[in-house]
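Each chain, letter by letter, is given below.
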Amino acid sequence: MIFGGVFFLPMYLIAIILYAIPIFIIQTFLGQFSTSGLISAFRVAPLFKGIGYSILLLNLISLAYYGIVAAVPLIYAANSVHTVIPWMSCDNAWNTPNCSTHSTYDVDELALDPHATVEFFRYIILSDDSSPHEYVISWPVLCGTVGVWLLTLGILLKRVSFIGKFFRCICVIMFAVFLAIFVHLLCYIKLDWETFVSYFKPTLSNSFNGVLGGMRTAILMSTWLLGPGWGNVLTLASHNRFHRDSEKLTYWVSGTHVLLAFMAMICGRIAFDHFEDHVGFLHFHFDEEHYMQFLYLCFAYLFGSFTTLPNFWCFLFFGMIFLAELSAIIIQMMSVLTALFDEYEQLRTKKSRITIALSLLMLAVSIYFCTKKGFEHLDLLPNIVILSHLIISIVLLLMTTWIYGRERFQCDLQFMLGKTITSFKIFLIRFLTPAFFVLSFIQTLYFLERDNSPTALVIVSQCVIYAIAPAYMIYKVCQTNGTLRNRLKQCFAPHDWHPVDADNRRFYEEIMGVSEMLVMDGGEENCAVNA
């Protein structure tokens, strides 16, 4: 995002408004209205229930590699407590004879000796490993991954109330740490107005490429608001009170996300400039061809080079990143487990055993991504997951606003929230959001083509994900009686779709059973009862 400068922010805001917020609202609606997980919530249109199983598999695939994403910052945080920070020294077992700790360099040199920061990163991800075996294991990453999953398991075995308090505490801690880091960086570089304005200019010599790069990143960054995998918002919303104003919560979360993204852009530019001023050009002298290289090269060197308390700031920063990734894993695991226990109630008596078994399974699968070969896939999978995220989201949007119907969707929202939802918002979700989906889909395909061609493993896993939904549709239609038209009509109709609370359910069924729910156009819109 730092390459696009000022052009990044408008596109990012558009992406938040036209993509992230509508999907956030739809997921919140499905979860809060039904008080169900990501499989049972598809009672709103039973024919699409197979999408819930596709989402379940998608989340499991995301969890398989996300443990490594959380393990790497844990490794950096653990190593930052050493008296001498390992990535700022060449006196380690993994360092090469050419290792350097230079803080100045000749910009005209075509090649530079590898910096200690770069060699530490290569040691972690095995990008400089000379072994002919592709499945050699990075032991630090493996140990970190084991620690991540054991900690995740320990938290998941607690009560939901404890997990909720845990997340609230973690959010406060992460925000406080990030704010402290942000303020400290501004003071460290003695930011003036001229420097601040320069941060909003594209950094590449070819400004057009910088603009395009920033716009592409802005579109894909909007998906971060919804979390990794799919259905995390839906799962969290299922724990809300029925009449909680989730629309206001959506805007609050989106605004906070935009603010943090703006602050992160400033911090990223500071780290990027500092690295290129002292170590070398990131994409010229040092290019690891890995999406994590910016975070773990630029920021590691920036905080490691502080003259005051470098260990403390390194630990704070990478500890914050670790807590964020750990929270994402826990929420994804909650999505998977909630979906299973809501759909198959007989499993609830075995909740602890299933939680332990699933966590250990994810840990076992994660071992593959601790290998040299696994790290190659790790660079590709995030874009693959985003592609799946987009496809599932557009199907979800069509299901709720077109198949279920605009009037029923709008009235259900108003019934749940207890306030008016304007037709303009529904129009934006039904028409502008799908158009934006097309643009996002093209951008994601571009990233996949630019980075690497998908491997056989990735192609097979994606085919399985996409095959589940149509296979379930065929099964559902075959299990229904009547003509094909009647079968489809029955499969599209909501089944057992109502609030869980008895009073809300009785009122809702009274409206839906004996009257028509209409949306009154005009100055105000309302769900009215026509006797």
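For clarity, every value in this text was computed on a predicted model and none was experimentally measured. (Residues numbered from 1 in each chain as written. Predicted model: local features only at pLDDT ≥ 70, side-chain atom pairs only at ≥ 80, totals over all residues. Heavy atoms only, no water.)

1. Concerning the nonpolar core
With 153 residues, the main nonpolar core has Leu 30, Tyr 76, Ile 181, Phe 303, Phe 318 and Met 333 as its most contacted residues. Broken down by element, this core gets its largest block of residues, 21 residues, from helix 11 (residues 310–343). Setting aside anything within four residues of it in sequence, one finds Leu 30 in contact with Ala 41, Val 44, Leu 234, Leu 396, Met 399, Thr 400 and Trp 497. (Core = buried A, V, L, I, M, F, W, Y, C linked by side-chain atoms within 4.5 Å. Buried < 20%, exposed > 50% of the residue type's maximum accessible area, 1.4 Å probe, protein only. Helix = DSSP H or I, 4+ residues; strand = E, 2+ residues; numbered from the N terminus. Contact = heavy atoms within 4.5 Å.)

2. As for unusual backbone geometry
Of note in the backbone geometry, Thr 35 takes a positive phi value of approximately 50° without being a glycine. Note on placement: Thr 35 falls in the loop between helix 1 (8–34) and helix 2 (49–79). Relative accessible area serves as the criterion here: at 36%, Thr 35 is assigned to the partly exposed category.

3. Things to note about a negative patch on the surface
Side chains of Asp 106, Asp 108, Glu 109 and Asp 113 sit close together on the surface and give a patch of like negative charge. Here Asp 113 shows up in the loop between helix 2 and helix 3 (116–125). (Patch = residues over 30% accessible without salt bridge, like charges linked within 9 Å, V, L, I, M, F, W, Y side chains within 5 Å. Areas by Shrake-Rupley, 256 points an atom, 1.4 Å probe, with all protein chains shown as cover. Salt bridge = Lys/Arg side-chain N within 4 Å of Asp/Glu carboxyl O. Lys, Arg positive; Asp, Glu negative; His and termini not counted. Charge placed at Lys NZ, Arg CZ, Asp CG, Glu CD.)

4. Let's talk about the environment of Pro 46
Within the secondary structure, Pro 46 sits in the loop between helix 1 and helix 2. In this structure the C-alpha to C-alpha distance between Pro 46 and Lys 476, which are 430 residues apart in sequence, comes to 8.2 Å. Residues within four places of Pro 46 in sequence aside, it is in contact with Tyr 472, Lys 476, Cys 491, Phe 492, Ala 493, Pro 494 and His 495.

5. A look at the state of the cysteines
Inspection of every chain in the model, using the stated rule, returns 1 disulfide. Residue Cys 90 pairs covalently with Cys 99 via a disulfide, S to S 2.0 Å. Classification of the bridge connecting Cys 90 and Cys 99 rests on its S-S torsion, roughly -75°, and on that basis the disulfide is left-handed. Of the cysteine sulfurs around Cys 143, a residue in no disulfide, the closest is that of Cys 370, at 9.1 Å. (Disulfide = S-S within 2.5 Å.)

6. Some details on the packing of helix 2 against helix 3
It is at 11 Å that the axes of helix 2 and helix 3 come closest, and there the two elements cross at 130°. Here helix 2 lies oblique to helix 3, going by the angle between them. The handedness of the crossing between helix 2 and helix 3 comes out as right-handed. Contacts between helix 2 and helix 3 involve Val 72, Ile 75, Tyr 76 and Asn 79 on the former and, on the latter, Phe 120, Phe 121 and Ile 124. Taken together, the residues that form the contact of helix 2 with helix 3 break down as 6 nonpolar, 1 polar and no charged. (Axes fitted to C-alpha atoms, helices over the stretch in contact; angles between N-to-C directions. Parallel < 35°, antiparallel > 145°, perpendicular 65-115°, else oblique. Left-handed = near helix turned anticlockwise from the far one by under 90°. Nonpolar A, V, L, I, M, F, W, Y, C, P; charged D, E, K, R; others polar.)

7. Notes on the packing of aromatic side chains
In this structure the tally under the stated criterion is 40 aromatic pairs. A centroid spacing of 5.2 Å and a plane angle of 90° characterise the contact between Phe 29 and Phe 409, whose relative ring orientation is edge-to-face. With a gap of 380 residues between them, Phe 29 in helix 1 and Phe 409 in helix 15 (residues 406–417) connect regions that are remote in the sequence. In this structure, Phe 29 and Phe 409 share a single accessibility class: buried. Summarising the aromatic geometry, the rings of Phe 166 and Phe 167 are spaced 5.8 Å apart at their centres and angled 55° between planes, so their arrangement reads as tilted. Exposure class is identical for Phe 166 and Phe 167. Each is buried. Across the ring face of Phe 162, the terminal group of Lys 158 is positioned such that the distance to the ring centre comes to 5.8 Å. Above the ring of Trp 402, the side-chain terminus of Arg 430 is found at 3.8 Å from the ring centroid. (Phe/Tyr/Trp six-rings, centres within 6.5 Å; stacked < 30°, edge-to-face > 60°. Lys NZ or Arg CZ within 6 Å of the ring centre and 35° of its normal.)

8. Quick notes on helix 1
Relative to the 39 Å expected for 27 residues at 1.5 Å per residue, helix 1 spans 37 Å between its end C-alpha atoms, a close match to the ideal helical length. Roughly 40° is the biggest bend found in helix 1, and it falls at Ile 16. A positive backbone phi angle near 50° is found at Thr 35, which sits one or two residues after helix 1. (Expected span 1.5 Å × (residues − 1). Bend = angle between axes of the 7 residues up to and from the residue.)

9. Points about the confidence of the model for the protein chain
Residues with a pLDDT of 70 or more make up 85% of the protein chain, whose mean pLDDT is 82. Low pLDDT, under 50, characterises residues 514–526; the stretch is placed with 37 contacts to residues that sit more than four places away or in other chains. (pLDDT = per-residue confidence, 0-100.)

10. Structural notes on the packing of helix 2 against helix 12 (residues 351–366)
Put simply, helix 2 and helix 12 touch, their axes get as near as 8 Å, and they point 65° apart. Handedness of the crossing formed by helix 2 with helix 12: right-handed. Across the interface between the two elements, Leu 60, Leu 63, Ala 64 and Ile 68 of helix 2 pack against Leu 358, Met 362, Val 365 and Ser 366 of helix 12. Split into classes, the residues belonging to the contact of helix 2 with helix 12 amount to 7 nonpolar, 1 polar and no charged.

11. Some details on the pattern of salt bridges
Side chains that carry opposite charge are capable of pairing whenever their charged atoms lie near each other. Under the definition given, this model contains 8 salt bridges. Measuring nitrogen to oxygen at the nearest pair gives 2.8 Å for the salt bridge that ties Lys 419 to Glu 247. Taken together, the residues span a long stretch of sequence, with Lys 419 in the loop between helix 15 and helix 16 (423–451) and Glu 247 in helix 9 (residues 246–278) at a distance of 172 residues. One salt bridge connects Lys 425 with Glu 247, and the closest N-O pair in it is separated by 2.6 Å.

12. Let's talk about the side chain of Ser 366
Within the element layout of this structure, Ser 366 appears in helix 12. Polar side-chain contacts of Ser 366 include one of 2.7 Å to the backbone oxygen of Met 362. Apart from residues lying up to four places away in sequence, Ser 366 is in contact with Leu 63, Ala 64, Ile 68, Thr 145 and Trp 149. (Polar contact = N/O pair within 3.5 Å; in protein donor to acceptor, adjacent residues only side chain to side chain.)

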